[in-house]
Amino acid sequence: PEMTARADLTLSQYDVLLRLSEAPEGRMKMTELAGAIVYSTGGLTRLVERMWRAGLVDRDQSAEDRRVVYAVMTEEGRRRLQVASKVHMDGVARHFARYLVDDEVDAVGRFLARLHGASQGCDG
């Protein structure tokens, strides 16, 4: 609700934009994107359709293989991601980080870096 109210994005839309922002040229094959955000291909197709209508992404068909479709972040998508990222970080600080004491910050930071690495397919 907070993300929707302040950035006009759902958490699923935020996740798609975040993944696209990390991809080369802000684009990913729809099948890869579905795997990255743990969505069915059909579910992602419907989500990207809504995001396309909102101007957050474009769809680009591969010139080499007409079966391959890319999701591509637009400038509006990038702008909304910046707003949403601030909302997200404010929420993390308000609901989580404020409960850490000084000697826990480094340990939690190392843990989160390992967790992020694992989610990216790295051994960390």
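Everything in this summary refers to the structure shown in the same document. (Residues numbered from 1 in each chain as written. Predicted model: local features only at pLDDT ≥ 70, side-chain atom pairs only at ≥ 80, totals over all residues. Heavy atoms only, no water.)

1. Here's the deal with the overall build of the protein
On a plain count of helices and strands, the protein comes out with six helices and three strands. Helices and strands in the protein line up, N terminus first, as α-α-β-α-α-β-β-α-α. Taken along its principal axes, the extent of the C-alpha atoms in the protein is 55 × 35 × 25 Å. Out of the 124 residues in the protein, the part that is buried amounts to 29%. Considering only intrachain contacts with a sequence separation of at least 6, the fraction spanning at least 24 residues in the protein is 50%. Counting every atom, the protein has about 8200 Å² of accessible surface; 55% of that belongs to carbon and sulfur. (Helix = DSSP H or I, 4+ residues; strand = E, 2+ residues; numbered from the N terminus. Buried < 20%, exposed > 50% of the residue type's maximum accessible area, 1.4 Å probe, protein only. Contact = heavy atoms within 4.5 Å. Areas by Shrake-Rupley, 256 points an atom, 1.4 Å probe, with all protein chains shown as cover.)

2. Topic: the packing of aromatic side chains
All chains considered together, the criterion is met by zero aromatic pairs. Over the ring of Y70 we find R27; its NZ or CZ atom is 4.2 Å from the centre of that ring. (Phe/Tyr/Trp six-rings, centres within 6.5 Å; stacked < 30°, edge-to-face > 60°. Lys NZ or Arg CZ within 6 Å of the ring centre and 35° of its normal.)

3. Here's the deal with a nonpolar patch on the surface
A cluster of nonpolar side chains, namely F96, F111 and L112, defines an oily patch on the protein surface of about 280 Å² accessible area. Mapped onto the elements, F111 comes out in helix α6 (residues 102-119). (Patch = residues over 30% accessible without salt bridge, like charges linked within 9 Å, V, L, I, M, F, W, Y side chains within 5 Å. Salt bridge = Lys/Arg side-chain N within 4 Å of Asp/Glu carboxyl O.)

4. Details of unusual backbone geometry
If you check the backbone angles, D8 has positive phi at about 55 degrees while not being a glycine. Of note, D8 is situated in the loop between α1 (2-7) and α2 (11-22). Backbone geometry places E25, a non-glycine residue, at a positive phi of 60 degrees. For E25, the position within the fold is in the loop between α2 and β1 (27-29). When its relative accessible area of 71% is taken as the criterion, E25 is described as exposed.

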